[in-house]
Amino acid sequence: MAGEKRKSHIMGRKKQHRKIRGKITNNVILLLVLACVLLGTSTCIMNYRTAMDTLTDSMTEIVDVASTRVTKELEQYIDAAADLGTMVRIADENVSLEEKEALIIDMKETYGYVGGDIIDRNGNMLLSGMSAADKIYFQEALKGNQYISNPQVSQSSGELVVITSAPIWKDAKIDSEIIGVVAIAVPVEVLSNITDSIRIGEWGSSFILDSNSITIAHDDRTLVGVENIQEKAKTDKSLGNIAKMHKRMTMGETGVVSYRYGGIGKIAAFTPIDKTPGWSVATTARRFEFMTNFYVSLMITIVSVILFIIIGVRLAAKLGKSIADPIEMCVDRLQALAEGDLTTEVEIFHTGDETETLSRALDTTVRQLKEAIGDVDFHLAAISEGDLRKEVTKDYQGDLVALKSSMTKITSSLSDVLGEIEDSSGTVMQGSQNLSNASQSLADGATDQASSVQELTATINSIEEQLQGTERNTGIAQKKVHYVMEEITRSKEQMDELSKAMDSIEKTSSDIENIIHTITNISE
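Here is what the cut-offs are and how they apply
Residues numbered from 1 in each chain as written. Predicted model: local features only at pLDDT ≥ 70, side-chain atom pairs only at ≥ 80, totals over all residues. Heavy atoms only, no water. Helix = DSSP H or I, 4+ residues; strand = E, 2+ residues; numbered from the N terminus. Buried < 20%, exposed > 50% of the residue type's maximum accessible area, 1.4 Å probe, protein only. Contact = heavy atoms within 4.5 Å. Areas by Shrake-Rupley, 256 points an atom, 1.4 Å probe, with all protein chains shown as cover. Arc of directions from axis to C-beta. Pairing = 2+ DSSP bridges. Axes fitted to C-alpha atoms, helices over the stretch in contact; angles between N-to-C directions. Salt bridge = Lys/Arg side-chain N within 4 Å of Asp/Glu carboxyl O. Lys, Arg positive; Asp, Glu negative; His and termini not counted. Polar contact = N/O pair within 3.5 Å; in protein donor to acceptor, adjacent residues only side chain to side chain.

## Regarding the overall build of the chain
Looking only at helices and strands, one finds 13 helices and 10 strands in the chain. Relative to its full complement of 524 residues, the chain shows a buried share of 35%. Excluding contacts between residues fewer than 6 apart, the proportion of contacts in the chain whose partners are at least 24 apart in sequence is 54%. When the accessible surface of the chain is totalled, it reaches about 31,600 Å², and 55% of it is carbon and sulfur.

## A word on helix α8 (residues 240–250)
For α8, the set of buried residues is Ile242, Ala243, Met245, His246 and Met249. Angular distribution of buried residues about the axis of α8 spans 160 degrees; they occupy a single face of the element. Within two residues after α8, glycine 252 carries a phi angle of roughly 80 degrees, on the positive side.

## Overview of the sheet that holds strand β9 (residues 264–272)
The strand order β7-β6-β10-β9-β8 describes an open sheet built from five strands, whose pairing is antiparallel. Two strands bound the open sheet, and with one partner strand each, they are β7 (215–217) and β8 (255–261). Here the strands of the sheet are splayed against their neighbours by 35 degrees on average, with no regard to which way each runs. Bridge count for strand β6 (residues 205–209) against β7 is two bridges, and the pairing is antiparallel. Of the residues in β7, the one forming a bridge with isoleucine 208 is alanine 217. Sheet strands touched by helix α6 (residues 189–196): β6 and β7. Its angle to β7, the strand with the most contacts, is close to 75 degrees. Strand contacts of α8: β6, β8, β9 and β10 (280–286), with the helix running at about 150 degrees to β8, the strand carrying the most contacts.

## A word on the pattern of salt bridges
Scanning all chains against the criterion turns up eight salt bridges. Across the salt bridge formed by arginine 248 and glutamate 253, the nearest N and O atoms sit 2.7 Å from each other. Classification of arginine 248 as partly exposed rests on a relative accessible area of 29%. Via salt bridges that share partners, Glu189, Asp196 and Arg221 belong to a single interconnected network.

## Overview of the side chain of aspartate 210
Of note, aspartate 210 is situated in the loop between β6 and β7. No salt bridge is formed by the buried aspartate 210; its nearest oppositely charged neighbour, lysine 135, is found at 13 Å. Side-chain polar atoms of aspartate 210 contact the backbone nitrogen of asparagine 212, separated by 2.8 Å. Setting aside residues no more than four positions away along its own chain, aspartate 210 makes contact with Asn150, Pro151, Ile216, Thr250, Gly278 and Trp279.

## A few points about unusual backbone geometry
Apart from glycine, the bulk of residues carry a negative phi angle, and the bulk of peptide bonds sit in the trans form. One non-glycine residue, alanine 172, lies in positive phi territory at about 65 degrees. For alanine 172, the position within the fold is in the loop between β4 (160–169) and β5 (178–187). Backbone geometry places aspartate 175, a non-glycine residue, at a positive phi of 70 degrees.

## A closer look at the pairing of strand β1 (residues 115–120)
The element β1 is largely enclosed, with a buried count of five among its six residues. Relative to β5, β1 runs antiparallel, the two being bridged by six bridges. Residue pairing in the sheet places isoleucine 118 in a bridge with valine 182 of β5.

Right under this line is the structure:
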């Protein structure tokens, strides 16, 4: 029953001690999860930033290439106007308008424009008969500049065109006198054809805005010359981010932005186009299309984190068990030691670390306590049997040295006390013998006194007989009675003395009995 009770206590303590295993395991798992989550999160963030930086750099490069390409495409039309302005037959006033018009028409196939005109210094369009005096392209060319206008509707064909203009130099000599302006019309479709060829990925696209934020090139031709996102954003708040980008484009800025359009996440890069009146080209791409590698790395990171956590949980449980088991064993053994168990063996853990040192130290502690208590029990048993000659020869360590010193002192003290008791016993025995002799003398005296009393009684009886027999002897009898009374008084005094002597003997005997009882207790 005692063994089952102790086993029950141990099982109860183990349930309590499992807390340390749980603490170790839970803390290691928590640390591992935090480390994995932080590492995974940082990896994802770094991969996302790397992917976005790469995409941003790529799109910036692509939009720069697109801007350069648009500029190059437009330059051929600007050069066409400049070439016409330096032709002798265009500058010669003696050449008829019909010949000049034929020359412009002949060059259409070479440069790809749709029409042209010659404008005098007053802004009169000599071939179409209309006025261009209020047109910026005329005014800029009259200043000696080559210019390209924003898209506008052609006055002759009603088609949306871009006008390029250049000065006509007198005698076809550059930087001489400007005698007029030559202007050619380029269809806006040319711009859309350029942006159609600038595409990033399967779903990417490009577009061009003029200085008024109007779309002048787009893969959706219905938007060309019509769409103005900044105006639409005034009534459609969902276009706010796109409107901000378009505003930055019209301000001549360069940048990369992310936005959502039609529920699709996109990224766009934009930059101004050189040699244009504030035009800007933008190229867009769907983020998902170029973030595939990032999403793959994200999935790999998530799976890796989960695997690391699973493996880490197992390792943490194993680590917690390897640390907690020796500690729990030592705690249980110490609890048993506190309850007086010195016989149960201590399990040694051969781990090669501090837990092995702990178990070995506990084993040494239990063995030393067991040996010390066994040695104390041996000497106390010898003392109880009256043997005070056993010496404490075992070597004690540490604070147990005081136990050895105490045992030696106890043995020596008991030996001295018993020696003194032995001397006292001899004295008591001698006193008892003397007291016994005195008691015997008193007893003998009492016997003699009893005989005297008996004799006295006989004498009294004889006297009474004599008194009854004769009155003559009255005087003698009185004398004898008086004598007898004196003897009786003296006998009474002797009896009192005997009674006191007997009381003294009884008290002395009681004291002797107490002393003998005390000696017996000490010897036991």
